[in-house]
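Per-entry structural report
Listed below are the residues making up each chain.
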Amino acid sequence: MGEWMTAGSLNDLWEGEMVAVELNAVPVVLCFVNGAVFAYEDRCPHLANPLSAGRLDEHALTCAAHEWAFDVRSGLGINPMEARLRGFPVRLDGETILVDMRPAGS
Amino acid sequence: MTLGRDDWLDVARKVDWTYRYVSEEEVFPPEMSGRPWLPHDAWQGWNEAYRTTYREYVSNQRAKDDAVLGVRSALSKVHILEGLDPGWLQLVKFHNGALALAEYAGAVAELRMARFGRDSAWRMMATLGALDEIRHTQIPLLLGHDMLRFDGNFDWTHKAYHTNEWMIIAARHLFDDMFLAADAIDLAIQLNLVFETGFSNLQFMAMAAMADRASHHLFEKALASIQTDEARHSQIGHPVLRTLIENGGKDRAQFLVDKMWWRCWRLLIALTGSAMEYLVPVEARTRSFKEFMEEWVIEQFTKNLAEFGLERPWFWDLFLEELDSAHHSFQLGLYAYRTTLWFDVAMPDAEERCWLSEKYPQWDEIFGPFWKRLEEEWATNGEAGTLAYALPAICNLCQLPTLFVRPGKNTACTLMLGGRNYLFCSQPCRWIFEQQKERFTDHRSVVDRIVAGQAPGKLIDLHDWMGLEAPTETGKDLRRGLSPWRLEPVPTA
């Protein structure tokens, strides 16, 4: 069973935008791209700067601090390619965005 | 069809000549390229994780400069500076003086790697790194020059490294050791890996977040823009360290990491810790210096160590202990010797003391009495009673006063060498000095020079020797002793 938590509403997160929320004391960035919502820990794997302070161009999320870039559809690094984001499962209940905050493997 | 970047970039970044008329060792002598000297076979796997073409570099940098200049055009007005917190402006003056020309020295270091780095991809990254560092010099020089209209002491943005001001001597000593007087391997690990990856994120991004809250958006933009360049050239250190470890250099790598971690920590206490908690207005503080250190520096650094199979430095317990107190002790020294600085220094007011006690539960017990005594001196003897006149004890490695940790715990120690007794603030500084005696024994601290008659002992003459024109340039109490809380009657025992 997942630990599904309400993270926000599609009324507040429009296509092509991202928003920072905190769930279970974990900073999370929600991105709405290509008709789907993706959730990642809001810490760049490079030096922990918040990704939500960066910019989202189509599917590319670029960290404001050092310009590491990620594909939000997969969480994989665009540059550097070896990097990846820590993602959380997302589902929608009507307009409500639900995020599974259960730690992986538990 | 246009080729994508990764389809052709290797053709550009991996161009290593086969030498026919000279040996490889003559082209890359170990004195400049570093030891252990390894044939290129050992280096050809050198790869940077974050990739950039020259075309992308020029395009991105131009856009970044346009963004900074756009903010400058809108916000570089004297009346905007007049609205900023006075303590914050002193922090900017401190930061500019201590870093602008250090960045220029960083360009020289990057150029050394651009010539003597052992793989072409390393040399290409270092070439871009040199351009980065020139930019990191020019931006604060430009903005510092703009600020001259507001405060003439902003000329220390350019002037500081041309003087014998004592804190600048300490910074110069460190940066010379870290990269100007280092070969390509040592400087890649010391500058790129330890300093830039480990520490500069704190100095620049944490300060940028505080600049935002302090409404100094031009400084925020400049710091953040500078920091965006770091990912590209700071990554040079990782593949150098990996190659060193894979080729029997693990002990050397551990030494360089330990040494530079400690030396950078000392600089950060002075440059970041005291400024962050005694010059930033309370409402602009996003976290404490200790909290920043724990989240942004220690966590990342220990991850890096684990990745390479290196140990935590042997002095780790002392370092953790110092997190609670070293910058608070240092601030007392800055305050007492403020006339030897190019910026003003603050005595914490009542609100700041509450904040400090909340973040550091022992602060009031340990440091409160010292500030209370200084308050009483202001009330009874005026400013003269709040200044120190005796020569401080200066560490023969870090060149900073030996007053770290806290009252009641003195970590100062000595070393007798070649008929001379050297003084150190701590065991790690003495250990570094002993490991590389040939680099450090001939350097004289400011106090050594005064005692030897090479620098004046009289304070007024010493100001002149340090390049400080008294009284206009010399540091003062930020509030000139006129803060309302200080005018209240001081309770007597």
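Source: prediction; values computed, not measured.

**Focus: the confidence of the model for chain B**
Residue and element names in this part refer to chain B.
- For chain B, the average pLDDT comes to 92, and 97% of its residues sit at 70 or higher.
- The model gives residues 489-493 a pLDDT under 50, and that stretch makes four contacts with residues more than four places away or in other chains.
- Both scores are given for the predicted complex: the pTM is 0.90, the ipTM 0.75.

**Quick look at the interface of chain A and chain B**
- Taken together, the 15 residues of chain A in the interface contact 18 residues of chain B.
- Summed over both partners, the interface of chain A with chain B buries about 1,400 Å², with 45% contributed by carbon and sulfur atoms.
- For chain A, the biggest contributors to the area lost against chain B are L47, E67 and N79 of chain A; these three give 38% of the whole.
- The tally of links between chain A and chain B comes to three salt bridges.
- Put simply, chain A and chain B have six residue pairs in polar contact (both at pLDDT 80 or more) between them.
- Partitioned by chemical class, the residues of the side of chain A that touches chain B number eight nonpolar, four polar and three charged.

**Side note on the pairing of strand β1 (residues 413-417) of chain B**
Residue and element names in this part refer to chain B.
- Note: β1 against strand β2 (residues 420-424), five bridges, orientation antiparallel. When the bridges of β2 are listed, T414 appears paired with L423.
- From the end of β1 to the start of β2, which pair antiparallel, there are two residues, and G418 there has a positive phi angle of about 55°.

**Section: the sheet that holds strand β5 (residues 55-57) of chain A**
Residues and elements named next belong to chain A.
- If you walk across this open sheet you meet the four strands as β5-β6-β7-β8, and the pairing is antiparallel. A strand with exactly one partner marks an edge of an open sheet, and here the two such strands are β5 and β8 (77-79). Neighbour-to-neighbour, the strand axes of this sheet turn through a mean angle of 30°, independent of strand direction.
- Two elements, β5 and strand β6 (residues 60-62), share three bridges in a ladder whose sense is antiparallel. Bridge pairing in β6 links D57 to A60.

**Comments concerning the pattern of salt bridges**
Residue and element names in this part refer to chain B.
- Applying the stated rule across the entire model yields 42 salt bridges over all chains.
- In this structure, D10 and R13 form a salt bridge, with 2.7 Å as the shortest nitrogen-oxygen distance. Residue D10 and its partner R13 are located together in helix α1 (residues 5-13), separated by three residues, close to a single helical turn.
- With a relative accessible area of 39%, D10 lands in the partly exposed category.
- Residue classification places R13 among the buried residues on the basis of a relative accessible area of 1%.
- Here E473 ties to K159 by a salt bridge, and the two come within 3.0 Å at their closest N and O atoms. Remark: K159 occurs in helix α8 (residues 156-159) and E473 occurs in the loop between α24 (459-465) and α25 (484-487); sequence separation between them is 314 residues.

Rules behind the numbers
- Residues numbered from 1 in each chain as written.
- Chains lettered and ligands numbered in written order.
- Predicted model: local features only at pLDDT ≥ 70, side-chain atom pairs only at ≥ 80, totals over all residues.
- Heavy atoms only, no water.
- pLDDT = per-residue confidence, 0-100.
- Contact = heavy atoms within 4.5 Å.
- Buried area = accessible area lost by both parts, 1.4 Å probe.
- Salt bridge = Lys/Arg side-chain N within 4 Å of Asp/Glu carboxyl O.
- Polar contact = N/O pair within 3.5 Å; in protein donor to acceptor, adjacent residues only side chain to side chain.
- Nonpolar A, V, L, I, M, F, W, Y, C, P; charged D, E, K, R; others polar.
- Pairing = 2+ DSSP bridges.
- Helix = DSSP H or I, 4+ residues; strand = E, 2+ residues; numbered from the N terminus.
- Axes fitted to C-alpha atoms, helices over the stretch in contact; angles between N-to-C directions.
- Buried < 20%, exposed > 50% of the residue type's maximum accessible area, 1.4 Å probe, protein only.

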